[in-house]
Amino acid sequence: MKNIRKIEKQGTNTTWYEITNKNKKGESIQIEITECYPNNESTSSLPNLWKKVGFTEKLYKNYLCCDTYVTDKDGNCWTRYNPTTKLSEDKKREIINFDWLLEVSKENKEKILNEIYRKFMEVE
C-alpha cells in the first residue's frame, strides 16, 4: 500500500491510517478502520436485521467499518472518499454501501484503503 501509513492501533479492533501525500485540492486524510464482531445470537444484531430486510444475502459474522477524516486547506474537516458509504436516494444522508460491506481480513482492509487512496488522489 504505497503512500498509506499505519499511524495508530487503538484497542484490539481499531486501526488508524493516513495517506502521506496531499491530493490536488491540498487535502489531507486520516482513515479509521474498525473490525466489527457482532453478537448474532441476538435477533436484533445489525447483520441479522440487514439479512432480514434483504440488504444482504448472508449473515455476516464480522465486517469492517470505515470512517474518513479529510482536512481541507482551510482546516475544515469533512468525511469524503469513503467507499463503504454512499448518499441515500434522496441525497439527504450517508448510508451503508453494501457493495463495500466486507468481512474482516487483511486483504479486505487493503482493498478499502486502496479504493480510498484512488478516490482521494483522483479528485479534481
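Presented here is an overview of the structure given in this document. Note that the structure is predicted; figures quoted are calculated from it, not measured. (Residues numbered from 1 in each chain as written. Predicted model: local features only at pLDDT ≥ 70, side-chain atom pairs only at ≥ 80, totals over all residues. Heavy atoms only, no water.)

### Observations concerning the pattern of salt bridges
Piece 1. One pass over the full model with this rule turns up 8 salt bridges.
Piece 2. Here Glu18 and Arg5 are joined by a salt bridge, their closest N and O atoms 2.1 Å apart. With Glu18 in strand S2 (residues 14-19) and Arg5 in strand S1 (residues 4-10), this pair connects stretches of sequence that are 13 residues apart.
Piece 3. The class of Glu18 is buried, set by a relative accessible area of 18%.
Piece 4. Residues Lys24 and Glu124 are paired through a salt bridge, measuring 3.7 Å at the closest nitrogen-oxygen approach. One end of the pair, Lys24, is in the loop between S2 and strand S3 (28-36); the other, Glu124, is in the segment after helix H2 (106-121), with 100 residues separating them in the sequence.
Piece 5. For Lys24, a relative accessible area of 62% translates into the label exposed. (Salt bridge = Lys/Arg side-chain N within 4 Å of Asp/Glu carboxyl O. Helix = DSSP H or I, 4+ residues; strand = E, 2+ residues; numbered from the N terminus. Buried < 20%, exposed > 50% of the residue type's maximum accessible area, 1.4 Å probe, protein only.)

### Focus on the pairing of strand S4 (residues 63-71)
Piece 1. Bridge count for S3 against S4 is 9 bridges, and the pairing is antiparallel. Of the residues in S4, the one forming a bridge with Cys36 is Tyr63.
Piece 2. In terms of strand pairing, S4 meets strand S5 (residues 77-78) through 2 bridges, oriented antiparallel. From the neighbouring strand, Val70 faces S5, where its bridge partner is Trp78.
Piece 3. A loop of 5 residues connects S4 with S5, the two strands running antiparallel in sequence, and Gly75 in this loop sits at a positive phi of about 90°. (Pairing = 2+ DSSP bridges.)

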